[in-house]
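# Coordinates in review
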Amino acid sequence: MKRRVMIDCDPGIDDSLALMLALSMEEELEVTGITIVCGNSPVDMGAANAKKVLEHMGRLDIPVFKGAARPLEREYVDALDTHGRDGLGESFLPDVAGYDQDMGAVDFLEKTVKEGPCSVIALGPMTNLALLYQKNPAAFAQIEEIVSMGGNFRSHGNCSPVAEYNYWADPDGAALVYEAMANLGKKISMVGLDVTRKIVLTPDLLEYMKRLSPDRGKFVEKITKFYFDFHWRQERLIGCVINDPLAVAYFADRTLCEGTEAYVQVETEGISIGQTVVDSMGFYGKHPNALVLTATDPVRFFSLFFGRLLGLEESGLDLIPALVKEVGR
Ligand code: RIB
Ligand code: CA
């Protein structure tokens, strides 16, 4: 059944790949709008990058709304060292003129959930969602479901020993959203580093994409080259971890990931700021507010990712299993 969804993101290279996937899943998703939050890129840059992706996909009919320019409490810290000076892998694609909205992201989220069932796939810091809760808790409660790329359970952090960037960049926003979900008796699907680290786009997979679809493959190559270089410098990894597309794929196909329900809190200060404290053993006796995903199948993900992005039958993508890198981390 087709579901209405808003994508809240901070494009961002992997956010851009996630947007491309979401727009290629028209049987499953109706993307009602894209809301931008400061994260990888400052909010204006993120909005510009989202429009560049929409233009490539021929979908400038999808509205883009600018949201928070800084976190709830902390100073804003970008991730341009990872995503390039333009936030899109230093592809320096030309800006798309026009298509600006006079409504802000939080107002769009509030309006949309009032119109009918709509979910949010959150791919960046959760500042916009936190601001919506502060502005109108009833509207926040009307969000059908939240799937969030963020956090980590047993996997180490990626911007501190224990914290993942989205929740580290705005720990107060993340903490407020998890607490709000606990109070509502609802659960966030936490697509964290435990599963996204398994999703490694390798040079061979990229070459396969280019062979199957030169136009799409060359665009992906253009925006990911910087990201490949970053992963080599940072982790001696030949490939790049594409976190955000897994959250989109999981939203559409829940069999892609497995996990455990738990009460989750986000630390907002001290040396472990941004850490997701996952009470998987029930020490606190609190009702779970999250489904923490802990296992995924990279071959199934890439079959879906390629199939949808390239418009091909998954059965025809016979090279995928041999090209997927099994990562043990
Ligand atoms: O930690 C990875 C997450 O932070 C991804 O969503 C990436 O795009 C950045 O936002
Ligand atoms: Ca992101």
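Above this text sits the structure in question.
I will try to describe carefully the structure that is included in this document.

The subject of this paragraph is the site of ligand 1. If you check the shell around ligand 1, you find Asp10, Asp14, Asp15, Asn40, Leu123, Met149, Asn158, Glu164, Tyr165, Asn166, Asn243 and Asp244 and nothing else. Side-chain polar atom of Glu164 to an oxygen atom of ligand 1: 2.6 Å apart, as the coordinates give it. Of all the elements in the fold, those that place two or more residues in the shell around ligand 1 are helix 1 (13-23) and helix 7 (165-169). Of the residues contributing to the shell around ligand 1, the split by class is three nonpolar, four polar and five charged.

Here the focus is the nonpolar core. In this structure, Leu21, Ile34, Ile242, Phe301, Phe302, Phe305 and Phe306 are the most contacted members of the largest nonpolar core, which totals 68 residues. Of all hydrophobic cores here, the second largest spans 36 residues; its members include Val106, Leu109, Leu129 and Ala139.

The buried fraction of strand 1 (residues 3-9) is high, at seven of seven residues. Burial along strand 1 is two-sided: the residues Arg3, Val5, Ile7 and Cys9 and Arg4, Met6 and Asp8 are all buried. Pairing of strand 1 with strand 2 (residues 29-36), which is carried by seven bridges, proceeds in the parallel orientation. Directly across from Arg4, in strand 2, lies its bridge partner Glu30. Taken together, strand 1, helix 1 and strand 2 constitute a β-α-β crossover, and its handedness is right-handed.

Taken together, Asp10 (OD), Asp15 (OD), Asp15 (OD), Leu123 (O) and Asp244 (OD) make up the protein donors of the calcium ion (ligand 2), found 2.2 to 2.6 Å from the metal. Mapped onto the sequence, the residues coordinating the calcium ion (ligand 2) show the spacing D-x4-D-x107-L-x120-D.

The next thing to look at is the side chain of Asp170. Relative to the elements of secondary structure, Asp170 occurs in the loop between helix 7 and helix 8 (171-184). One buried charged residue, Asp170, remains without a salt bridge, the closest side chain of opposite sign being Arg74 at 7.6 Å. One polar contact links the side chain of Asp170 to the main-chain amide nitrogen of Gly173, over a distance of 2.8 Å.

Let us look at the packing of aromatic side chains. Following the criterion strictly, the structure yields 10 aromatic pairs and no others. Ring centres 6.3 Å apart and planes at 80 degrees place the aromatic pair Phe302 and Phe305 in the edge-to-face group. Placement of both Phe302 and Phe305 in helix 13 (residues 298-310) is noted, with a separation of three residues, approximately one turn of the helix. Both residues of the pair, Phe302 and Phe305, count as buried.

Another aspect to go through is the pairing of strand 4 (residues 119-122). The two faces of strand 4 match: Ser119 and Ile121 on one face and Val120 and Ala122 on the other face are all buried. Bridging between strand 1 and strand 4 involves four bridges; their strand directions are parallel. When the sheet's bridge partners are listed, Ile7 is paired in strand 4 with Ile121. Bridging between strand 4 and strand 5 (residues 146-149) involves three bridges; their strand directions are parallel.

Turning to the sheet that holds strand 3 (residues 64-66), a few remarks are in order. Note on sheets: strands pair through backbone hydrogen bonds, and any given pair is parallel or antiparallel. Read across the open sheet, the nine strands follow the order 3-2-1-4-5-6-11-9-10; overall the sheet is mixed. With partners counted over all chains shown, the strands left at the sheet margins are strand 3 and strand 10 (276-279), one partner each. On average, adjacent strands in this sheet sit at an angle of 30 degrees to one another, irrespective of strand direction. Two elements, strand 5 and strand 6 (residues 188-191), share three bridges in a ladder whose sense is parallel. In the sheet register, Met149 faces strand 6, and the bridge partner there is Val191. Most of the contacts of helix 2 (residues 43-57) go to strand 3, to which it runs at about 175 degrees, and overall it touches strand 2 and strand 3.

With that out of the way, let us pick up helix 8. Its 14 residues give helix 8 an end-to-end C-alpha distance of 20 Å, which sits within 8% of 20 Å, the value for a rise of 1.5 Å per residue. For helix 8, the tally of buried residues reaches 10 of 14 residues, placing the bulk of the element in the interior. Here helix 8 has its buried residues at Pro171, Asp172, Gly173, Ala174, Ala175, Leu176, Val177, Tyr178, Ala180 and Met181. Of the residues trailing helix 8, Gly185 is marked for its positive phi of about 70 degrees.

The rules behind each value
Residues numbered from 1 in each chain as written. Chains lettered and ligands numbered in written order. Predicted model: local features only at pLDDT ≥ 70, side-chain atom pairs only at ≥ 80, totals over all residues. Heavy atoms only, no water. Near = heavy atom within 4 Å. Polar contact = N/O pair within 3.5 Å; in protein donor to acceptor, adjacent residues only side chain to side chain. Helix = DSSP H or I, 4+ residues; strand = E, 2+ residues; numbered from the N terminus. Nonpolar A, V, L, I, M, F, W, Y, C, P; charged D, E, K, R; others polar. Core = buried A, V, L, I, M, F, W, Y, C linked by side-chain atoms within 4.5 Å. Buried < 20%, exposed > 50% of the residue type's maximum accessible area, 1.4 Å probe, protein only. Pairing = 2+ DSSP bridges. Right-handed = clockwise from strand over helix to strand, strands pointing away. Donors = N, O, S within 2.8 Å, 3.2 Å for Na, K, Ca; no water. Lys, Arg positive; Asp, Glu negative; His and termini not counted. Salt bridge = Lys/Arg side-chain N within 4 Å of Asp/Glu carboxyl O. Phe/Tyr/Trp six-rings, centres within 6.5 Å; stacked < 30°, edge-to-face > 60°. Axes fitted to C-alpha atoms, helices over the stretch in contact; angles between N-to-C directions. Contact = heavy atoms within 4.5 Å. Expected span 1.5 Å × (residues − 1).

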